[in-house]
Amino acid sequence: MTTYITTPIYYVNAQPHLGHAYTTVVADTYSRFKRLCGERVRFQTGTDEHGDKIVKAAEAEDVEPRSYVDRISAMFRDTWPLLEVQADHFIRTTDPAHVEVVRLILQKVYDRGDIYFDEYSGLYCRGCERYLTEKELVDGNCPDHLTPPQEIAEKNYFFRMSRYQQRLIDHINANPEFITPERYRNEVLAFLAEPLADLCISRPKSRLTWGIELPFDDNFVTYVWFDALINYLTGIGYPQGPDFDEFWGAAEHLIAKDILKPHAIYWPTMLMAMDVPLYKKLHVHGYWNVDDTKMSKSLGNVVRPRELVEAFGVDTLRYFLLREMSFGLDASFGSETIVARQNADLANDLGNLFSRATAMVWKYRDGCTPQPDSSAADDTLARAAEAMLVEYRQAMVDFRFHQGLQAVWELVGIANKYIVNNAPWVLAKEPDQAGRLDTVLYNLLETLRLLALVLRPVMPGAAAKMAAALGYGEDDPAVSLLAEGGRWGLAAAGRKLSAIPALFPRLEVAKSAASTAADSKGGSKADPAPAGEQGVIEFSQFQKVALRVAEVVAVEPVKNSHKLLKITVAAPEPRVIVAGIAEDYSAEELRGRQVLIVANLKPAKIMGISSQGMILVARTVVDGREKMVLLGPAAKVAPGSIVS
Ligand code: MSP
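Since the model is a prediction, treat every value here as computed from it, not as a measurement.

Trainee: Got a minute to help me understand the site of the ligand in this structure?
Mentor: Taken together, 23 residues sit near the ligand, with Ile-9, Thr-23, Asp-48, Asp-258 and Trp-288 positioned nearest. Residue Thr-23 places a side-chain N or O atom 2.7 Å away from an oxygen atom belonging to the ligand. Tallying contributions element by element places strand β1 (residues 2–11) first for the shell around the ligand, with four residues. When its residues are assigned to classes, the shell around the ligand shows 13 nonpolar, eight polar and two charged.

Here it is in structure tokens:
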């Protein structure tokens, strides 16, 4: 059996963040699981490096696209080992081999008559790098970028996607597992219920040169999606070669919902036009938000994988990502939730089970796996473990990782109860219970072996430590999910345990990723502060502060306070901020005025009122008294405008 699992190739206009980390960790977990089952696996990730967006990003840094893409692509490549992600191939769309095959494919599809030249006018969104339909617009804006698309009329090449619409509908209907979870399959079918337009697949060089030149017209470069999707083939050596022959039939693509359309519609129709069999499965997951807010650069709440690993450790992070998100739905990231999972699931439930059980084997049996006594047998743990294995395997194959882990933790709970119910410390005091104690300890050790086994794809480091402590080497058949290893009863009597490792320390303080990053980066390693300042911060830390222009719409006094005012501002949504400026400003002076606020400050209760942000002032001294002077834009701007 073989598996070929891919992640999207990430745009190099942004640095790796939590969202990229999630997809890549899922793909890694799946590939480790399949390897553990004895399959031949190919796991591919990489970077998407052509197109308008990338040129803009390079321009913003005042560098050539080539050196820009090299730098950011390397950042992605260097991030994955921190997350214990082991991909077999990292593809870049600027790789010469990829470029060559994209051109070959374009020529093939052109020769078949599936690409034609036509004039087109439409509404183009630069952010999406595609034409939008009127229907997609929200208040005249692109729904993703919230900016109006530009009206563009130009001659371009088109791929006859419409020709394959019915074949695609038939394929999806005949293969319920082609797109999962089902909600996304339904979404695609609903989209296909309307006539499918042909796909514009070129950009005139007058507008964009950073792309793959069309083989049949050097005045144009290839549309970035037509180029990018083909990575899934070029990465395994298409049009021919042993890897292509072995892996293409087993291709499973993993993406988030944002790029469903290119993967579920463009890509299969492209494959049909190329006469290449369709991929096997498309797995679609939801979006990570941060504290229930969309992650975005402008809000300054982008979470970086490196900071998370530094704060929580890679095993905890991987476990959290897979356990917390119901695959297919959105999830919210918060450092409190990750700390809670570490303390409850890992330190308390799993860590305690492991240390209590192994400590008893050391104490009562000198660290040797005992022979269970058949006259004192019980199958509580054997049955629970077998049930877990069945549910776990199915859940992993179905991309229901959260449920797979739930099943694992059910077994952890049962094993913890088993210790309490059987009280080995009491059995140890009764000489005629020696056989029963052997059985209880054996059952616990065998449960731990299976736990270390099923956790290996999710937490490779911690699971390897667990297996080593139980006395299993790396290649022991007992640590494979292949036939005998994945069944109850393989632990052999006499196997010597090793020292018990510290697995999951309890985290005492709820550290936020941001504060941890600040802790670790400040202090002596940083450059000295500019004269007169107390400490430097990284630019990335400053970027986390969301500064906005807000307009005062209402002002009320705060009961029992001379200094405080309850100020309602529009930024552009209304919010209440309690500010201590009553001695310097009257309600009349404030109404209609534009001020600067910190918009992403954690809300605080002040005199019983929830204050959502902070108004910025300059502090000065007039006649020996401190006075506050409001800050604002030099000219009126739209409320909510970003300050940077
Ligand atoms: N370059 C294209 C993909 C081409 S694939 C042939 C692209 N790149 S991207 O950098 O924008 O990456 C999008 C992918 O990153 C998502 O599909 C998902 O895998 C991951 N995520 C980005 N933000 C995410 C969240 N907030 N939450 C979860 N995953 C997200 O699109």
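Trainee: Quick question: what am I supposed to make of helix α3 (residues 65–82) here?
Mentor: Quick reminder: α-helices carry 3.6 residues per turn. Residues three or four places apart thus point the same way. Taking 1.5 Å as the rise per residue, α3 with 18 residues should run 26 Å; its terminal C-alpha atoms sit 27 Å apart, in good agreement. Here α3 has its buried residues at Pro-65, Tyr-68, Val-69, Ile-72, Ser-73, Phe-76, Thr-79 and Trp-80. Taken down its axis, α3 places every buried residue within 120° of arc, on the same side. Just beyond α3, the residue with positive phi is Glu-84, at close to 55°.

Trainee: I keep staring at the pattern of salt bridges and nothing clicks. Help me out?
Mentor: Side-chain pairing between opposite charges can occur once the charged atoms of the two side chains come close. The tally for this structure, following the rule as stated, stands at 28 salt bridges. Notably, a salt bridge pairs Glu-324 with Arg-341, separated by 2.6 Å at the nearest N-O pair. Placement of Glu-324 in helix α12 (residues 314–324) and of Arg-341 in helix α13 (residues 335–365) is noted, with a sequence separation of 17 residues between them. Residue classification places Glu-324 among the partly exposed positions, given a relative accessible area of 22%. Among the ionic pairs, Arg-365 bridges to Asp-438, the shortest N-O distance being 2.6 Å. With a gap of 73 residues between them, Arg-365 in helix α13 and Asp-438 in helix α17 (residues 434–455) connect regions that are remote in the sequence.

Trainee: Whenever I open this one, the domain arrangement of the protein chain confuses me. Can you help?
Mentor: Often, the extent of an interface is quoted as the loss of accessible area upon association of its parts. Partitioning the protein chain into structural domains gives domain 1 (2–285), domain 2 (332–485) and domain 3 (533–630). If you average the C-alpha positions of domain 1 and of domain 3, the two centres end up 46 Å apart.

Trainee: Would you mind going over the sheet that holds strand β10 (residues 213–214) with me for this structure?
Mentor: Across a sheet, strands are paired by hydrogen bonds formed along the backbone, either parallel or antiparallel in direction. Taken in spatial order, the three strands line up as β9-β11-β10 in an open sheet, and their pairing is antiparallel. Sheet topology places β9 (202–204) and β10 at the edges, where each strand pairs with a single neighbour. Pairing geometry for β9 and strand β11 (residues 217–222), over three bridges, is antiparallel. Within β11, the residue paired with Arg-203 across the bridge is Val-221.

Trainee: Can you walk me through the sheet that holds strand β2 (residues 40–48) in this structure?
Mentor: One open sheet holds the six strands; their spatial order is β3-β2-β1-β12-β13-β7, and the pairing between them is parallel. The open sheet has two edge strands with one neighbour each: β3 (89–92) and β7 (179–180). Note: β1 against strand β12 (residues 251–256), three bridges, orientation parallel. Each residue of the ladder has a partner; that of Ile-5, found in β12, is Glu-252.

Trainee: Would you explain the side chain of Arg-575 in this entry?
Mentor: In this fold, Arg-575 is placed in strand β19 (residues 574–579). Look at Arg-575: it is buried, it has no salt bridge, and the nearest opposite charge is Glu-573 at 6.3 Å. In terms of polar contacts, Arg-575 uses its side chain to reach the backbone carbonyl oxygen of Ala-599, at 3.0 Å. Of the polar contacts made by the side chain of Arg-575, one reaches the backbone oxygen of Gln-612; its length is 2.8 Å. With near-sequence residues (within four places) excluded, Arg-575 lies in contact with Ile-567, Thr-568, Val-569, Ile-597, Ala-599 and Gln-612.

Trainee: In this structure, what is going on with the pairing of β19? I would like to understand it.
Mentor: For a regular strand, side chains alternate in direction, first toward one face of the sheet and then toward the other. In terms of burial, β19 is a largely internal element, five of the six residues being buried. Here strand β18 (residues 565–570) runs beside β19; their pairing, made up of six bridges, is antiparallel. Across the sheet, residue Ala-570 finds its bridge partner in β19, namely Pro-574. Taking the residues between adjacent antiparallel strands as the criterion, β18 and β19 are bridged by three residues.

Trainee: Help me out: how do you make sense of unusual backbone geometry in this one?
Mentor: For residues other than glycine, phi is negative in most cases, and the peptide bonds are mostly trans. The omega angle of the peptide bond from Thr-180 to Pro-181 is -10°, so this bond is cis rather than trans. Here Pro-181 shows up in the loop between β7 and α6 (182–192). A cis amide bond links Ala-571 to the next residue, Pro-572, at an omega of -10°. Position of Pro-572 among the secondary structure elements: in the loop between β18 and β19. Phi is positive for Asp-366, close to 55°, though the residue is something other than glycine.

Trainee: Teacher, can you tell me more about the packing of aromatic side chains here?
Mentor: Two aromatic rings are characterised by how far apart their centres lie and by the angle between their planes. In total, this model carries 30 aromatic pairs according to the counting rule given. Measuring from ring centre to ring centre gives 4.7 Å for Phe-178 and Tyr-279, while their planes differ by 10°; the resulting arrangement is stacked. Of this pair, Phe-178 sits in the loop between α5 (165–174) and β7 while Tyr-279 sits in the loop between α10 (260–274) and β13 (281–285), and the two are 101 residues apart along the sequence. Pair check on accessibility: Phe-178 and Tyr-279 agree, each one buried. With a centroid separation of 6.5 Å and 70° between ring planes, the pair formed by Trp-288 and Phe-333 is classed as edge-to-face.

Trainee: Any chance you could explain helix α11 (residues 305–312) here in plain terms?
Mentor: The buried count for α11 comes to six of eight residues, which makes it a mostly enclosed element. Listed in full, the buried residues belonging to α11 are Pro-305, Glu-307, Leu-308, Val-309, Ala-311 and Phe-312. Looking one or two places after α11, you find Gly-313, whose phi comes out positive at around 90°.

Parameters at a glance
Residue indices begin from 1 for each chain and proceed along its sequence in written order. Per-residue local features are limited, in this predicted model, to residues with pLDDT of at least 70; the limit for side-chain atom pairs, both in listing and counting, is 80 or more; totals at the level of whole chains, interfaces and linings are taken over all residues. No hydrogens and no water enter the side-chain calculation; it runs on all heavy atoms of the structure. Note on definitions. A residue lies near a molecule or strand when any single heavy atom of the residue is within 4 Å of it. Between N or O atoms, a polar contact is any pair within 3.5 Å; within protein, one atom must be a potential hydrogen donor and the other a potential acceptor, and residues adjacent in sequence are included only when both atoms are from side chains. Segments assigned H or I by DSSP are reported as helices when at least four residues long, segments assigned E as strands when at least two residues long, and all are numbered from the N terminus. Basically, the charged four are Asp, Glu, Lys and Arg, the nonpolar ten are Ala, Val, Leu, Ile, Met, Phe, Trp, Tyr, Cys and Pro, and anything else, Gly included, counts as polar. Under the convention used throughout, the expected extent of a helix is 1.5 Å for every residue step, that is, one less than its residue count. In this scheme, a residue with accessible area under 20% of its type's maximum is buried, one over 50% is exposed, and one in between is partly exposed, where area comes from a 1.4 Å probe on protein chains only. Directions from the helix axis toward the C-beta atoms define the arc. Salt bridge, as used here: a side-chain nitrogen of Lys or Arg that lies within 4 Å of a carboxyl oxygen of Asp or Glu. The domain boundaries here were taken from an automatic or database domain assignment. The rule for pairing is simple: two strands pair if DSSP sees at least two bridges between them. His residues and chain termini do not enter the charge count, which takes Lys and Arg as positive and Asp and Glu as negative. Residue contacts are defined here by distance: any two heavy atoms, one from each residue, within 4.5 Å place the two residues in contact. Aromatic pairs are defined between Phe, Tyr and Trp rings, using the six-membered ring for Trp, whenever the two ring centres lie within 6.5 Å; interplanar angles under 30 degrees are classed as stacked, those over 60 as edge-to-face, and all others as tilted.

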